[in-house]
Amino acid sequence: MRKTKCLGLIVIVGILLNILIGQLTYQQVKQHLAEKLILDVNQLGQKLDAQLNRYSKLPEVLANDPRLLAPLTNENHNRADTNQLLQQWAKTLGADTIYLIDHSGTTLAASNWQQANSFVGQNYAFRPYFRQAINGQLGQYFALGASSDKRGYYFSAPVYNQGEIDGVITIKVDLSLVEDIWQYEEIEYAIADHNGVIFYSSEDNWLYRSLIPLNEELKTQIINSRQYGQAALLPLTQYRNLTEFSNQEISDLTSPSQEQATSYVVASHDMVQAGWSIYGFSPIQAAYQYVGQAIMMFSVFYALLCLALTSWWQTLNTQKALAQLNDQLEQLVIKRTKNLLETNQQLRETIEQYERSQAELKQTQSELVQAAKLAMLGELSASINHEINQPLAAMRTYAENSRKLLQKERYDSVAGNIEEIIKLNQMVADIIARFKVFARKANDNRERTVAADSIRAAIGLLRNRLIKQGVILRMDELPNDIMINADAVQFEQVIINLLSNAIQALANAHQPQIGIKLDSGDSLVKIHIWDNGPGLDDGQKKRIFTPFFTTKSDGLGLGLTISRRIIDSFSGSLTVTDHTGGGAEFIITLPRCTEELE
Ligand code: ADP
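Per an unreviewed UniProt entry, the chain is named C4-dicarboxylate transport sensor protein DctB, and its organism is Photobacterium marinum. We quote the UniProt Catalytic activity (unreviewed entry) comment for the chain here in full: "ATP + protein L-histidine = ADP + protein N-phospho-L-histidine." Per its UniProt entry, the chain bears the Subcellular location (unreviewed entry) comment "Cell inner membrane".

Caption draft 1: Seen up close, the overall build of the chain. When helices and strands are counted, the chain shows 14 helices and 17 strands. Taken over C-alpha atoms, the radius of gyration comes to 76 Å for the chain, far larger than the 25 Å a tight globule of 598 residues would show. In terms of overall dimensions, the chain has a C-alpha envelope of 225 × 60 × 40 Å along the principal axes. When each of the 598 residues of the chain is scored for burial, the buried share is 38%. Taking as baseline every contact in the chain between residues at least 6 positions apart, the subset at least 24 positions apart corresponds to 61%. A total of about 36,000 Å² of accessible surface is found on the chain, and carbon and sulfur atoms cover 53% of it. Across the chain, 54 positive and 64 negative side-chain charges occur, with their mean positions spaced 14 Å apart.

Caption draft 2: Summary view of the site of the ligand. Taken together, 18 residues sit near the ligand, with Asn501, Asp531, Thr550, Thr551 and Lys552 positioned nearest. One of the side-chain nitrogen or oxygen atoms of Asn501 is found 2.9 Å away from an oxygen atom of the ligand. One nitrogen or oxygen atom from the side chain of Thr551 is found 2.2 Å from an oxygen atom belonging to the ligand. Compared with its free state, where it exposes 520 Å², the ligand has 92% of that area covered by protein. Of all the elements in the fold, those that place two or more residues in the shell around the ligand are helix H12 (488-505) and helix H14 (559-569).

Caption draft 3: Representation of empty space enclosed by the protein within the structure. Considering all chains together, one arrives at 1 cavity of 30 Å³ or more under this definition. The volume enclosed by the largest cavity comes to roughly 40 Å³. In this structure, the largest cavity is lined by Asp49, Leu52, Asn53, Ser56, Gln140, Phe155, Gln273 and Ala274. Of the residues contributing to the lining of the largest cavity, the split by class is 3 nonpolar, 4 polar and 1 charged.

Caption draft 4: The arrangement of the environment of Leu461 in detail. Tracing the chain through its elements places Leu461 in helix H11 (residues 451-469). Sequence separation between Leu461 and Glu477 is 16 residues; the distance between their C-alpha atoms is 18 Å. With residues up to four places along the chain from it excluded, the contact list for Leu461 reads Glu492 and Ile496.

Caption draft 5: Fine view of the sheet that holds strand E10 (residues 276-283). Ordered by their spatial adjacency, 5 strands build an open sheet running E7-E6-E10-E9-E8, and the pairing between neighbours is antiparallel. Each of the sheet's edge strands pairs with one partner strand only, and the pair in question is strand E7 (198-201) and strand E8 (250-253). Shown here is a sheet whose adjacent strand axes are inclined to one another by a mean of 35°, direction ignored. Note: strand E6 (residues 188-192) against E7, 3 bridges, orientation antiparallel. Along E7, the bridge assignment pairs Ala192 with Ile198. Of the strands in this sheet, E6, E8, strand E9 (262-271) and E10 are in contact with helix H1 (residues 2-56), which crosses E9 at around 35°.

Caption draft 6: Region of the structure containing the pairing of strand E2 (residues 107-110). Bridge count for strand E1 (residues 97-102) against E2 is 3 bridges, and the pairing is antiparallel. Residue pairing for E2: Tyr99 is matched across the bridge by Ala110. Between E1 and E2, which pair antiparallel one after the other, the connecting turn spans 4 residues, and Gly105 there sits at a positive phi close to 105°.

Caption draft 7: Region of interest: the packing of H11 against H12. The N-to-C vectors of H11 and H12 enclose an angle of 30°; their axes lie 9 Å apart at closest approach. Relative to H12, H11 is oriented roughly parallel. Between H11 and H12 lies a crossing of right-handed hand. Along the contact surface, H11 presents Ala451, Ser454, Ile455, Ala457, Ala458, Ile459, Leu461, Leu462, Arg465, Leu466 and Gln469, while H12 presents Ala488, Phe491, Glu492, Ile495, Ile496, Leu499, Ser500, Ile503 and Gln504. Looking at the contact of H11 with H12, its residues break down into 14 nonpolar, 4 polar and 2 charged.

Caption draft 8: A look at the side chain of Thr82. Looking at the element boundaries, Thr82 is found in helix H4 (residues 79-93). Among residues more than four places away in sequence, those in contact with Thr82 are Leu68, Pro71, His77, Leu100 and Ala109.

Caption draft 9: Up close: a positive patch on the surface. Taken together, the side chains of Arg403, Lys404, Lys408 and Arg410 make up a positively charged region of the molecular surface. Tracing the backbone through its elements, the reader meets Arg410 in the loop between helix H9 (285-407) and helix H10 (411-439).

About the criteria used
- Residues numbered from 1 in each chain as written.
- Predicted model: local features only at pLDDT ≥ 70, side-chain atom pairs only at ≥ 80, totals over all residues.
- Heavy atoms only, no water.
- UniProt positions renumbered as here; feature names shortened; annotations may be inferred.
- Helix = DSSP H or I, 4+ residues; strand = E, 2+ residues; numbered from the N terminus.
- Rg over C-alpha atoms; globule rule 2.2 N^0.38 Å.
- Buried < 20%, exposed > 50% of the residue type's maximum accessible area, 1.4 Å probe, protein only.
- Contact = heavy atoms within 4.5 Å.
- Areas by Shrake-Rupley, 256 points an atom, 1.4 Å probe, with all protein chains shown as cover.
- Lys, Arg positive; Asp, Glu negative; His and termini not counted.
- Charge placed at Lys NZ, Arg CZ, Asp CG, Glu CD.
- Near = heavy atom within 4 Å.
- Polar contact = N/O pair within 3.5 Å; in protein donor to acceptor, adjacent residues only side chain to side chain.
- 1 Å grid on protein atoms, 1.4 Å probe; cavity = no way out; pocket = protein on both sides within 12 Å on 5 of 7 lines; lining within 4 Å.
- Points joined across faces, edges and corners; volume = space filled by probe spheres on them.
- Nonpolar A, V, L, I, M, F, W, Y, C, P; charged D, E, K, R; others polar.
- Pairing = 2+ DSSP bridges.
- Axes fitted to C-alpha atoms, helices over the stretch in contact; angles between N-to-C directions.
- Parallel < 35°, antiparallel > 145°, perpendicular 65-115°, else oblique.
- Left-handed = near helix turned anticlockwise from the far one by under 90°.
- Patch = residues over 30% accessible without salt bridge, like charges linked within 9 Å, V, L, I, M, F, W, Y side chains within 5 Å.
- Salt bridge = Lys/Arg side-chain N within 4 Å of Asp/Glu carboxyl O.

Listed below in structure tokens is the structure:
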């Protein structure tokens, strides 16, 4: 609704402005046309005046030529000479015709004597220019040629013979010279006599018509003078007199060929000497054309302006809406940010809580470890106690027996007892050595170690036990090029532990066997140690690597735990599986050492 109103307003303002622009343009163009017309008409008048002035003095000068007297005074004079003389003059002066008229008005000689419509012999007593000259005045007159029917301006002067007027010399000037002067095609012009009768015009239809209606008496008088032949002298306008006609800025002229009157901007210039007036007519239609163009241009400009204003208005509105949206968005962002900050704060608190819990957990863990250590220590003490007490008690018995045997001087038996004591001592040393692993610091004594060497050394240490128990060792030649990055002593301990577990497991086995296999890929080394003993059930397999798990009455349950810890420290792994054909199979996997260690 608002839009329609706006559109209506724009259209109404546009129409009003167009009317205003049209009016202004019309006034401007009309003024411009009038000014130009006045200038042009004045210019034409001045030029025409100058031209006519050139001719106006000539008859008087020519009349003084004595050669004109002979034909006037002597009837028998050979007029051919005079005709030629006049022809020569006409040619030189650029006149249409020059002719000599006698006292009665009859043409005696003429420059056009050789032409069909020659003036020679014609009587011009009725022409005012003749009557003026024969009465001693200089005559000027415009008329349609009586014999040639050609428009012309006549200048005449009396020819004196000893103070008496004997004849008249006349120069007829062709008025086509006006056409040479006038070069404005879009402007019509007309030259009218003092009565307002047009005798020369760029518009043929206007010729010999009057600018205003003539009264009957004047009309008859002009027709009788044959000044304009037999023309009916119809009026082109209905103005009462010429002054009224000239005072009009715009006049409507109705020529007989047109049904409607045409409107012209009119300007006039009076040629005082000739008694004529020159009128210029500029069709006002030209102004309408300019008005049309101005309205069109303004309409386009106005439409563009309206479009620009509309788009500016829309842009403004869009910007406003955008700003509003932006504000809303900002509010939303602030709200969301607040929420986010709150969530963040909560998260931070949760993290702190988590860290606190973590710390507490660590604390608890370390306390647990401490407790486990203490427990382990207890276990260890018990184990050491158990392991060492027996040999110690045996050694004590041997020692006490030896004292008694010494008193009895049975030295041989004493030597046997001492031998046993030494053995028992060695046994205690071995037991203690097994517990050293726990005491050892986690030093990194890794080096490039030939895996086969460690395995062979371990077998060497256990050889007696293997032989004693009748265990068959199934083993191919061990490759010597497989290197591992390990502490050789610790690695050897692991192998000893696994082998000794296997030997123990084979205690009651029929045809006991232990297999050792060492192989390697590009990056990994694998050592398989298997036996054909009782093997392990699933529950045992899960638990054998946890500390203190043992099935042996005198076992400590730490061997495999320590072994796995050692292998882990070499970046490897120790796993257990069922051996095909019964028994257990332990697999050590280690990274292969291919390069020299620094
Ligand atoms: P311990 O030898 O003191 O018992 P280990 O950690 O070396 O401690 O072994 C844990 C347990 O795993 C043993 O008690 C035994 O039950 C089981 N075990 C180890 N090796 C074998 C094996 N080759 N065959 C069957 N059982 C085994």
